[in-house]
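# What the coordinates show
Listed below are the residues making up each chain.
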Amino acid sequence: MAYSDKVIDHYNNPRNVGQMDKASSEVGTGLVGAPECGDVMRLQIRVNPETNVIEDAKFKTFGCGSAIASSSLATEWVKGKTIDEALAISNTDIVKELALPPVKIHCSVLAEDAIRAAIGDWKKKNSVAEPAAVAVAH
Amino acid sequence: MSNDMSNNGVVISESTKPLPAGVTLPIYMDNHATTQMDPRVLDAMMPYFGKVFGNAASRNHSFGWEAEQAVEKAREQIAKLIGATAKEIIFTSGATESNNLAIKGIAEMYRERGNHIITQVTEHKAVLDTCKKLEKQGYRVTYLPVQADGLVDIEDLKHAIDDKTILVSLMYANNEIGVIQPIAEIGKLCHEKGVIFHTDGVQAVGKIPVDVQKDNIDVLSLSGHKIYGPKGVGALYVRRRNPRVQISEQINGGGHERGMRSGTLNVPGIVGLGKACEIAGEEMEAESKRLIELRDYLKAKFEKALDYVHVNGNMDHHLPGNLNMSFVYVEGESLLMGINDIAVSSGSACTSATLEPSYVLKALGLGDDVAHSSIRFGLGRFNTKAEVDYVSDKLIDVVSKLRELSPLYEMVKEGIDLTKIEWAAH
């Protein structure tokens, strides 16, 4: 399969790899996917409690190159955004940016889920009303 | 290249290092898929693309005789490699056709005797899909399971044979995991029960000693391009005595190949297949010894450098050039992406059109996650130690880096039991 240059770039130089302290109240963690499906993403955000701005983001991903690229891109995009702005990121934006082929669209969906799960976790910790609970592994 | 330096220094694939002596890229290490043609085979074929162009079925001029002579020589060369006689070799377009001809041809010919066929779940699709088609036509097919090491249980086979069984079709050696089935024992059982025994010998012939007499094989499929010969040519061995096996033809025409397979013979291809068999017979002993050494060296390097590696398939009954290994907690396609100057295969779902991981690995009872992490190395005649070193070093490097990226690896290292996690799957 031919990968787009952007997927290859994110794969070769993934941005924001790592982990943050899960226990911190400023940190939201989203863990989505399943090993059996060949995709697991963990995306973490650190949110400034004063401004609700995501100041840092980290990820680790088990998955194909497109899954790695989607989550790497997601960390880049959420940084500097407010919670509400980050929630507006949709998987179709990721598909467009990375030029993902149809068989890889599920990678972008997973990245969107990871953003939402991380934000959901942060909201729960900080008692922000969350209408729909987002599945997070425990 | 990105200027973004916020990647914590993780760089998956670096290609700036100078290549070691004796290595040119890309490296081909996927010899179960196909092989590079041996230059000696090509030399043998060349005249038959040129001046010696006759139709082997032309009986009344020298052009035809010359072609026929070349075909008969190839028949001898193939027969010699597998302990058969020349008259028992039928030429086909390849092993897929051989498997179709064998299974459909026997099913049709022996329909009055019974309608039951036995095969196994790890067969090549050329056998499985053929059997599925026969099921639609009213045949009954038993798909035997395999054990965790890929071997079929002979007791399972014994129990599966009934008075309606006409054919057992079990492969000699598996194309993904390299496991060699107890063929002689299976053949003996089939003969005791009066059942015809067909084996798909594509991966075994020319690689390990195959003898249709000692192995009690009645019908055997083989292919040119898996043994450093040309693509588009194969053969079917059909036993002529003890017992005599009859096959109903699937292609009608001029009655070529004793009526079993009509169609003008592919003379250059057949010459190439014959030559490939001759070379394989002469060099098998030395070649398999060399490949086993390289294979074991490759395996040992991985086991020394990496944790959580898993060998798939029984290593005691194994093809010399095959190594199927799972690099757990790293997904196969992402691994292939990091070694894009090396040709190997993965059992990962992401590398297949169906998004399903390898059915062969699943048949071993491996979890999907282990199947997703598997890489098949197929060492062959033209691979060198320098290449094995390059491939193993590169792979170890990429696996290590992808594990830095893998949340699963991190969790396992922290002592978390991944099976206890409620995964939010799609």
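All values derive from a computational prediction rather than experimental measurement.

A word on empty space enclosed by the protein. Residues and elements named next belong to chain B. One pass over the structure, following the stated rule, counts 3 cavities of 30 Å³ or more. The computed volume of the largest cavity comes to approximately 130 Å³. In terms of lining residues, the largest cavity is bounded by 15 residues, among which Lys207, Leu291, Pro320, Gly321 and Leu379 are the most central. Partitioning the lining of the largest cavity into residue classes produces 6 nonpolar, 7 polar and 2 charged.

What follows is about the environment of Ile68 of chain A. By the secondary structure assignment, Ile68 of chain A is in helix 2 (residues 65-78). Along the sequence, Ile68 of chain A and His10 of chain A sit 58 residues apart, while their C-alpha atoms lie 7.3 Å from each other. With residues near it in sequence (within four places) discarded, Ile68 of chain A still touches His10, Tyr11, Phe59, Thr61 and Gly63 of chain A together with Ser334, Leu402 and Leu405 of chain B.

A cluster of basic side chains, namely Lys87, Arg241, Arg244 and Arg258 of chain B, defines a positive patch on the protein surface. If you trace the backbone, Arg258 of chain B turns up in the loop between strand 8 (234-238) and helix 7 (267-305).

This brings us to a nonpolar patch on the surface. On the surface, a nonpolar cluster with roughly 310 Å² of combined accessible area is contributed by Leu42, Met46 and Phe49 of chain B. By the element assignment, Met46 of chain B lies in the loop between helix 1 (39-45) and helix 2 (62-82).

Turning next to the packing of aromatic side chains. All names here are of chain B. Under the counting rule described, the total for this entry stands at 7 aromatic pairs over all chains. Seen from their ring centres, Tyr308 and Tyr329 are 5.3 Å apart, and the 70° between their planes marks the pair as edge-to-face. Of this pair, Tyr308 sits in the loop between helix 7 and strand 9 (309-311) while Tyr329 sits in the loop between strand 10 (322-327) and helix 8 (332-338), placing them 21 residues apart in sequence. Taken together, the ring pairs connect Phe302, Phe327 and Phe377 into an aromatic cluster.

Basis of the calculations
- Residues numbered from 1 in each chain as written.
- Chains lettered and ligands numbered in written order.
- Predicted model: local features only at pLDDT ≥ 70, side-chain atom pairs only at ≥ 80, totals over all residues.
- Heavy atoms only, no water.
- 1 Å grid on protein atoms, 1.4 Å probe; cavity = no way out; pocket = protein on both sides within 12 Å on 5 of 7 lines; lining within 4 Å.
- Points joined across faces, edges and corners; volume = space filled by probe spheres on them.
- Nonpolar A, V, L, I, M, F, W, Y, C, P; charged D, E, K, R; others polar.
- Helix = DSSP H or I, 4+ residues; strand = E, 2+ residues; numbered from the N terminus.
- Contact = heavy atoms within 4.5 Å.
- Patch = residues over 30% accessible without salt bridge, like charges linked within 9 Å, V, L, I, M, F, W, Y side chains within 5 Å.
- Areas by Shrake-Rupley, 256 points an atom, 1.4 Å probe, with all protein chains shown as cover.
- Salt bridge = Lys/Arg side-chain N within 4 Å of Asp/Glu carboxyl O.
- Lys, Arg positive; Asp, Glu negative; His and termini not counted.
- Charge placed at Lys NZ, Arg CZ, Asp CG, Glu CD.
- Phe/Tyr/Trp six-rings, centres within 6.5 Å; stacked < 30°, edge-to-face > 60°.

Interpretation note: all reported values are geometric properties and have no functional meaning in isolation.
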